[in-house]
Structures are given as C-alpha cells and as structure tokens.
Amino acid sequence: MIRAGRNKTLTLSDEDRRLLEMKILSPLDISSSNYEDSVINANLEKVISKLPADFADLIILDPPYNLSKNFGTVQFNAMSSRHYIDYLHSWFHLVCEKLKDTGSIYVCGDWKCTSAIQTVLEESGLTVMNRITWQRDKGRGAKANWKNNMEDIWFAVRNPKAYYFDLEAVKIKRRVLAPYKENDKPKDWEETEDGKYRRTCPSNFWDDISVPFWSMPENTDHPTQKPEKLIAKLILASSREGDMVFDPFLGSGTTAVVAKKLNRHYCGIEINREYCLFAAKRLSNAERDCAIQGYKDNVFLDKNCH
C-alpha cells in the first residue's frame, strides 16, 4: 500500500519483519520466569496457564465487543447477549487468577456489551468501583439511529480495602475561563506562557481523548486501536513504576507500549501475528521516543490544549 507523504501510520518493511520476529514469543517459549516485558503470539486460553498466578498489578482488557468484526486472521461474530456473557466467562476466570490481591482491572466495551461486562465482573467476585465513559469521536454518522460516539471502561478491584489509586498522577490541565483571585493572587490556577490553567481532578467522563488517525505516529492498521493517552490514564492511576501490567488481548500493542514509556513492566498476549509485529515495532520505537500525545510534564492536557 502506498501512503501519502504526511501519513505517519506504522508500516513494516521486510527488514523490520526479520528483526522483529525474534522479539515475539510463542507458547513454547513461555515459562514462569521469562514472561516479563514480552509479547506472546498465542491463543489466550492455550498459553495463560503458563503464566504465574497473582503476577499482575494491573490488568487491562480490550476483548472483542459483541459485534461482527474482522481482526485480520480472526473473524469475531456477533451473538446473543446471553452467549456473549458465556464467551466472557469462558476465559475471564483464567485472567482473574493472574491479578494480585491489591490489583485493579479495567475492561473496555461499548453500549451493546457493557451490561454483559458488568455482569461478568460481579459474578467473578470482583468489586466494581466505577464505569468510565469516554468520547470516541470518530466514524460516520448513522442514517436511522444516533451516532455511536461513546465507549465504556469498567474499573474493578479484587480487594476494595487494599487497591492502589494515584489521583495526582491523572489530573487534567484545563484552561481557566473565569480566573478568580483571592488576596490579589490566583485561586486554584496558574499563569503560564500559554495562558491561565488549573489542574483539575478527573471524572468518569473523558472528553479529552483523540482516537489515533493517519497523522499520528501511534496509528496502525488495527481496526479498534485504543489511544495511548487513554491507556496512560489507566496505568498511571492504578500502578506504580516497576509494576506489572498485563493485557491478554494486546492488539497492536498500545498497553505494552504505554507501560514501557511509563517505566512499568508489561506482558501481552495476541493471537494475530501481524499485530504482534506492530507491537514489537512500537516497543522498539518507544526506546527512542517515550512521548505520549496529550500528556506533557506529568499532566494530561485538555483536548484542545497544546
């Protein structure tokens, strides 16, 4: 495929493929001692038993939604809500076994499968803490329905008395429209070269996310790629530097890449070989460039801030 000169979507050369193949692990390569900082090309259910129990501080799950979608070599077909719940249950307990008692888990979904995710989380003995809704402003409008512009991320923990959450790490830099003063000094805001801003606490509605597109270096040809900024919020809020982040549906590698950029360890499983190569190249690129679009100087920028 020939791309326009300004198109920054990730590509793989023959030389890339030759070098990156050596960085991807197969099920036969995995043991309880070499899973750290790895991309594993395998079916989740066939390899997860090789990973140790309670090894993950944070699990980020982005399984196929209940939609008919082609993921390269794998076709996922929509099913009834009850059968989708059964599908989630078929592997969810295996994933939960890998979560530490102090750990957190985030599960991505859309309007059609979000109730199934809540059901499975609660039936698995986890405590649901919140549901994040983020604005996914991409795609064409529907002719006879409302445009689907939102997705959910369910936040749950194993032990509600012992989980980790860093509020300060995920505050947002927002422009101040009404700069109040107290004793002639800024009240809860600061003057910068770019204008007046304050650091605000994040809510469970996120409207500051840009979905990857062709002019962003993080963009790949994966059909449902999550933005690095989105995953960075989850990792910074619910893990410390040096912690282990596990993603059983790694896709093009966003969770692993962001974990690496934020000085966490990672382990990802992905069934599609091409997506594993995407992940491996992005991880290699992250060794030279650890920038995350929309995150600067340890603070998240509002969508229109630079």
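Residues numbered from 1 in each chain as written. Predicted model: local features only at pLDDT ≥ 70, side-chain atom pairs only at ≥ 80, totals over all residues. Heavy atoms only, no water.

A. Region of the structure containing the nonpolar core. In terms of nonpolar packing, the biggest core is built from 86 residues, with Leu51, Phe92 and Ile105 touching the most fellow members. Those residues in contact with Phe92, other than ones at most four positions away along the chain, are Leu61, Ile105, Val107, Val120, Leu121, Ser124 and Leu126. (Core = buried A, V, L, I, M, F, W, Y, C linked by side-chain atoms within 4.5 Å. Buried < 20%, exposed > 50% of the residue type's maximum accessible area, 1.4 Å probe, protein only. Contact = heavy atoms within 4.5 Å.)

B. View of the side chain of Lys233. One can find Lys233 in helix H5 (residues 228-238). If near-sequence neighbours (up to four positions away) are discounted, Lys233 is found in contact with Val170, Ile172, Trp206, Asp208, Ile209 and Phe300. (Helix = DSSP H or I, 4+ residues; strand = E, 2+ residues; numbered from the N terminus.)

C. Examining the sheet that holds strand E15 (residues 244-247) more closely. If you walk across this open sheet you meet the nine strands as E1-E2-E16-E15-E3-E6-E8-E7-E14, and the pairing is mixed. The open sheet has two edge strands, strand E1 (24-25) and strand E14 (205-206), and neither has a second partner. Strand direction decides the pairing type here: E1 and strand E2 (residues 38-41), joined by two bridges, are parallel. In the strand pairing of E2, Ile24 is matched with Val39. On top of the sheet, helix H4 (residues 114-123) reaches strand E6 (99-109), strand E7 (127-135) and strand E8 (150-157); it is set at about 5° to E8, its chief contact. Across the sheet, helix H7 (residues 273-286) touches E1, E2 and strand E16 (265-270), and the angle it forms with E2 is around 170°. (Pairing = 2+ DSSP bridges. Axes fitted to C-alpha atoms, helices over the stretch in contact; angles between N-to-C directions.)

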